[in-house]
4 protein chains.
Amino acid sequence: MAIKVGVIGARGRVGSAVVDGVNAAEDLELVAEVDQDDSLELLTENGAEVIVDFTTPGSVMDNLEFCINHGIHAVVGTTGFDDERYGQVREWCEEKPSVGVLIAPNFAISAVLTMAFARQAAPFFESAEVVEYHHPHKLDAPSGTAVKTAQGIAEARRDAGMDAIPDATEQALEGSRGTDVDGVKVHAVRMTGMVAHEEVIFGTQDQSLTIRQDSYGRTSFVPGVLTGVRQVADRPGLTIGLDSYLGL
Amino acid sequence: MAIKVGVIGARGRVGSAVVDGVNAAEDLELVAEVDQDDSLELLTENGAEVIVDFTTPGSVMDNLEFCINHGIHAVVGTTGFDDERYGQVREWCEEKPSVGVLIAPNFAISAVLTMAFARQAAPFFESAEVVEYHHPHKLDAPSGTAVKTAQGIAEARRDAGMDAIPDATEQALEGSRGTDVDGVKVHAVRMTGMVAHEEVIFGTQDQSLTIRQDSYGRTSFVPGVLTGVRQVADRPGLTIGLDSYLGL
Amino acid sequence: MAIKVGVIGARGRVGSAVVDGVNAAEDLELVAEVDQDDSLELLTENGAEVIVDFTTPGSVMDNLEFCINHGIHAVVGTTGFDDERYGQVREWCEEKPSVGVLIAPNFAISAVLTMAFARQAAPFFESAEVVEYHHPHKLDAPSGTAVKTAQGIAEARRDAGMDAIPDATEQALEGSRGTDVDGVKVHAVRMTGMVAHEEVIFGTQDQSLTIRQDSYGRTSFVPGVLTGVRQVADRPGLTIGLDSYLGL
Amino acid sequence: MAIKVGVIGARGRVGSAVVDGVNAAEDLELVAEVDQDDSLELLTENGAEVIVDFTTPGSVMDNLEFCINHGIHAVVGTTGFDDERYGQVREWCEEKPSVGVLIAPNFAISAVLTMAFARQAAPFFESAEVVEYHHPHKLDAPSGTAVKTAQGIAEARRDAGMDAIPDATEQALEGSRGTDVDGVKVHAVRMTGMVAHEEVIFGTQDQSLTIRQDSYGRTSFVPGVLTGVRQVADRPGLTIGLDSYLGL
């Protein structure tokens, strides 16, 4: 039987992609679309079992309190969570121990897997660098994901007691060797036509391993959200980040 | 203090690359090079703590019996092992419970990780295909590694209860869609100048994940062997395959 | 001063992307949008110097006759041209020798360059193969572009008197080595999330050259059309294909 | 009938790879191997029609004077040529107008084609960047080839009157956006296991074009040298650079 899903923020750019994704999935049934001015009662009236929330920091806590209190599981991509908010959500969950809540900063499965695989591979390769590619309208360089990937690699290397990455460069044009994130070089390419892409390269004797993630459009978060929707009822309490949902 | 290493088959092509690798590693000390006509006593006389065996199916069992009996750990890349041989090694290990033996068919870390990551990623992507690239002197197509990778993906998809990979192809030139390995398409490219390369591509809504392994030369197994040498004393009994040594 | 452009078929999917492209270009001015039921007089009334035609085989010839007769240059992506139609267009052009007409089957610059570079590179590499990647809804395999690319490589090799591509394969799973297009192997990958991508790989001693074309969306033809619009007035008579416009 | 080839500097690392290449080619016959202490008379005595010179700046001019005077064509990879030396070679060639001399700084065909294709493609893409990958023992960054490639792109853009490459970056970690070579960003990756690789990426609306060159070993110059040997007799006078030999 299909899981009954409500989408909060259903008419936003992200929310409407989630609506399309739920509608396209045979094992999911869209029972409520809630947006500003709509009452959350729509969720209970229509029997939503799981909600997806891509709204705003200003409204998400009210939404979560309502859902948890009514025994509705929640998959949340809204930003603005800090330790205080996580603590509040955990408190609500303790009152309703059967309810699952997943809050994740990144639902792009390929990006989450890339970061996880990078951490796993890091201890076994002398060298590691990250190259990210984005459209030229992006304001920051490198991307937050690339920085986080490099930090994960650096941490895994430290934990394994590895030496610094070898680099005999003596004469370099300024910037050619990228930026240094905890000892891992990161390069940012800006390219008209591209969307969002990341390549993590590892090398050791006579071999390299490359993990590459390509986003071709704006709805790459949808499969991760649906993965969350399908599993959240089996994972009571608060989960932060998609990793455990991906078996990582 | 450096681990004392003996290499059996030290003058073969593979063995001599292992010798070079041990000599280059600061935490390892080469204490014995054994080849045909040399006595295994060289190992005990020189205090070898770990041996590496890349010899022949005809000699490897005698080597292992000797080493295990003398409390020497063993890292083995020699071929020809079957259940009977594994059983025999386990018996010897039971007599000497502190001794570790690692027998692995593939010591190329990047290839082993590629296969493991492919199995992990498989349940989260609608599509998956494998493309391998080798020099044109290779006799078989696709490579055994590519077939094994595809089988791992297929098994992970079955375990997750996934549908068949979508493919609307109605008109195809014969062979253009590759060969079908348990429902996963595999393509083999043969290219002068290349060595051995494998690309696993996963796709789902608006994104893809690519895991690529490149071997640039003939000594890509060395880092995997040294990883084995460093860990084998801490892993008593028989271990088959490098996976657990890589934290997989 | 900006070139005055009219778009015929302006409300179709392709035409409206051309309209957007012309509007975004500082050196072009959109003066007329013509679609079904509109009179072609809109073009002359508004002083169009160049038209773009993405319509249907049923209407394109009337459009061309009108434009050429009125001294308006034309950039045409409509399909259905054969030798008879080309002959007719040439006749009209002879009457108006200052008018330029560009008719091209493919306006994706990256694809046209890939094919041209592949022909140029082909004589200098022992090996060549083509791998194309498309979304899984595509009905044919391999893509027409990939077949044409392979044919161009094969022809360049024949012209250079080259031997067959080396391939020692003796045992192959059926289909693993791709389809054979005039002696050049072509592989087709189908992958959810991908759009349209082609990779041409050349190899010779200790090196390879890869030319890769990625289409990330449905408007990749626009830059080629605008290149045509900018140059067509300087290239009187009929030109078939974008190649000479790209300096090839 | 096979072309009779002499190799000067035959026992050097590069020269001996040329010797192997000539021996492996059915249309070429190795008739003389000359090294230090050998007399150049070996070339005339054995009827060399073409020589290959990979020696030193100190000896190459004497070698060329001898060969040109004796009507022997020359393919030269030795470094240290400047305008004065080119002028001297041209003078000698004027005395022997049937003799061809090719002097090239780079015989790696894939690298020469990559640079040429990059210049050809540059005018048709809004964005262009270069990423090069080398082993970590390299002392300079980026590679000379990458700098030259970027300069070629920059020149082609200037000739076409193009605007600056779009880049909205406002907040960048230092070095993340690479080094700026005449307005084209260049990134250098250093990776154990890799040899020498270069990727040129172009992007415009909804598409990208990537030209990638991989060197897998130290003899990647050999096919370019043999191409020179085969064509030099048909190209009298001094030619600088392999480009025209590749039809560029």
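Residues numbered from 1 in each chain as written. Chains lettered and ligands numbered in written order. Predicted model: local features only at pLDDT ≥ 70, side-chain atom pairs only at ≥ 80, totals over all residues. Heavy atoms only, no water.

- Taking an unreviewed UniProt entry as the reference, chain A is identified by name as 4-hydroxy-tetrahydrodipicolinate reductase belonging to Corynebacterium doosanense CAU 212 = DSM 45436.

## So, the overall build of chain A
Part 1 of the argument: The helix and strand tally for chain A stands at 7 helices and 13 strands.
Part 2 of the argument: The proportion of buried residues among the 248 residues of chain A is 60%.
Part 3 of the argument: Of all intrachain contacts in chain A linking residues separated by at least 6 positions in sequence, the fraction that spans at least 24 positions is 72%.
Part 4 of the argument: With the model as given, the accessible surface of chain A reaches about 9800 Å², and the carbon-plus-sulfur share is 45%.
Part 5 of the argument: Charge separation in chain A, taken as the distance between the mean sites of 18 positive and 38 negative side-chain charges, equals 3 Å. (Helix = DSSP H or I, 4+ residues; strand = E, 2+ residues; numbered from the N terminus. Buried < 20%, exposed > 50% of the residue type's maximum accessible area, 1.4 Å probe, protein only. Contact = heavy atoms within 4.5 Å. Areas by Shrake-Rupley, 256 points an atom, 1.4 Å probe, with all protein chains shown as cover. Lys, Arg positive; Asp, Glu negative; His and termini not counted. Charge placed at Lys NZ, Arg CZ, Asp CG, Glu CD.)

## Regarding the confidence of the model for chain A
Fine structural detail should not be taken from predicted coordinates in areas where pLDDT scores are low.
Part 1 of the argument: Chain-level pLDDT for chain A is 97 on average; 100% of the residues reach the 70-or-more range.
Part 2 of the argument: Of the two predicted TM-score estimates for the complex, the pTM is 0.95 and the ipTM is 0.94. (pLDDT = per-residue confidence, 0-100.)

## What about the interface of chain A and chain B?
Part 1 of the argument: Contacts between the two partners involve 34 residues from chain A, matched on the other side by 34 residues from chain B.
Part 2 of the argument: Between chain A and chain B lies a buried interface of about 2700 Å² when both sides are counted; carbon and sulfur atoms form 55% of it.
Part 3 of the argument: Contact with chain B buries surface across chain A, with Phe124, Asp206 and Gln207 of chain A losing the most and accounting together for 24% of the total.
Part 4 of the argument: Our enumeration of links across chain A and chain B arrives at 0 salt bridges.
Part 5 of the argument: Seen at the junction of chain A and chain B, the total is 18 residue pairs in polar contact (both at pLDDT 80 or more).
Part 6 of the argument: Across the side of chain A that touches chain B, the residue classes tally to 15 nonpolar, 15 polar and 4 charged.
Part 7 of the argument: Relative to strand 12 (residues 207–215) of chain B, strand 12 (residues 207–215) of chain A runs antiparallel, the two being bridged by 9 bridges. When the sheet's bridge partners are listed, Gln207 of chain A is paired in strand 12 of chain B with Ser215 of chain B. (Buried area = accessible area lost by both parts, 1.4 Å probe. Salt bridge = Lys/Arg side-chain N within 4 Å of Asp/Glu carboxyl O. Polar contact = N/O pair within 3.5 Å; in protein donor to acceptor, adjacent residues only side chain to side chain. Nonpolar A, V, L, I, M, F, W, Y, C, P; charged D, E, K, R; others polar. Pairing = 2+ DSSP bridges.)

## Topic: the UniProt feature "binding site: (S)-2,3,4,5-tetrahydrodipicolinate" (unreviewed entry) in chain A
Residue and element names in this part refer to chain A.
Part 1 of the argument: As recorded in UniProt, the feature "binding site: (S)-2,3,4,5-tetrahydrodipicolinate" (unreviewed entry) lies at His135, Gly144 and Thr145.
Part 2 of the argument: Tracing the backbone through its elements, the reader meets His135 in the loop between strand 6 (127–134) and strand 7 (140–141).
Part 3 of the argument: For His135, a relative accessible area of 27% gives the class partly exposed.
Part 4 of the argument: Excluding its chain neighbours within four sequence positions, the residues that come into contact with His135 are Arg190, Met191, Met194 and Val195.
Part 5 of the argument: Examined against the element boundaries, Gly144 turns out to sit in helix 6 (residues 144–159). (UniProt positions renumbered as here; feature names shortened; annotations may be inferred.)

## Remarks on the interface of chain A and chain D
Part 1 of the argument: Listed by partner, the interface residues are 47 residues for chain A and 47 residues for chain D.
Part 2 of the argument: For the interface between chain A and chain D, the tally reads 0 salt bridges.
Part 3 of the argument: Residues belonging to the side of chain A that touches chain D are distributed by class as follows: 20 nonpolar, 16 polar and 11 charged.
Part 4 of the argument: As paired strands, strand 8 (residues 171–172) of chain A and strand 7 (residues 140–141) of chain D are joined by 2 bridges and run parallel to one another. Note that in strand 7 of chain D the partner of Gln171 of chain A across the bridge is Asp140 of chain D.

## Let's talk about the pairing of strand 1 (residues 3–8) of chain A
All names here are of chain A.
Part 1 of the argument: Sheet analysis places strand 1 next to strand 2 (residues 28–34), joined by 6 bridges and oriented parallel. Following the sheet pairing, Ile3 is matched in strand 2 by Leu28.
Part 2 of the argument: Crossover connection from strand 1 via helix 1 (residues 13–24) to parallel strand 2: handedness right-handed.
Part 3 of the argument: The pairing of strand 1 with strand 3 (residues 50–53) spans 4 bridges and is parallel. Among the inter-strand pairings, Val7 is bridged to a residue of strand 3, identified as Val52. (Right-handed = clockwise from strand over helix to strand, strands pointing away.)

## A short note on the relation of the copies chain A and chain B
Part 1 of the argument: For the pair chain A and chain B, the best superposition has an RMSD of 0.1 Å and corresponds to a rotation of 180 degrees with a translation of 0.0 Å parallel to the axis. Both chain copies can therefore be described as sitting about a two-fold axis. For chain A, the residue whose C-alpha comes nearest the rotation axis is Ile211 of chain A, separated from it by 2.3 Å.
Part 2 of the argument: With an isologous cut-off of 70% or more, the 100% of interface residues of chain A that recur at the interface of chain B puts this contact in the isologous class. (Least-squares fit on C-alpha atoms with pLDDT ≥ 70 in both.)

## A closer look at unusual backbone geometry
Part 1 of the argument: Of note, the amide linkage connecting Ala141 of chain C to Pro142 of chain C takes the cis form, showing an omega dihedral of -5 degrees.
Part 2 of the argument: Counting through the fold element by element, Pro142 of chain C comes out in the loop between strand 7 (140–141) and helix 6 (144–159).
Part 3 of the argument: Phi at Asp182 of chain B takes a positive value of approximately 50 degrees, unusual for a residue other than glycine.
Part 4 of the argument: Checked against the element boundaries, Asp182 of chain B lands in the loop between strand 9 (179–181) and strand 10 (184–190).
Part 5 of the argument: For Asp182 of chain B, a relative accessible area of 47% puts it in the partly exposed group.
Part 6 of the argument: Despite not being glycine, Asp206 of chain C shows a phi value in the positive range, around 60 degrees.
Part 7 of the argument: Checked against the element boundaries, Asp206 of chain C lands in the loop between strand 11 (196–204) and strand 12 (207–215).

## What about the sheet that holds strand 2 of chain A?
Across a sheet, strands are paired by hydrogen bonds formed along the backbone, either parallel or antiparallel in direction.
All names here are of chain A.
Part 1 of the argument: Ordered by their spatial adjacency, 6 strands build an open sheet running 2-1-3-4-5-13, and the pairing between neighbours is parallel. Either end of the sheet is taken by a strand with one partner, and the two such strands are strand 2 and strand 13 (237–240). Pairwise comparison of adjacent strand axes, ignoring direction, gives a mean angle of 20 degrees for this sheet.
Part 2 of the argument: Of the strands in this sheet, strand 1, strand 2 and strand 3 are in contact with helix 1, which crosses strand 2 at around 150 degrees. (Axes fitted to C-alpha atoms, helices over the stretch in contact; angles between N-to-C directions.)

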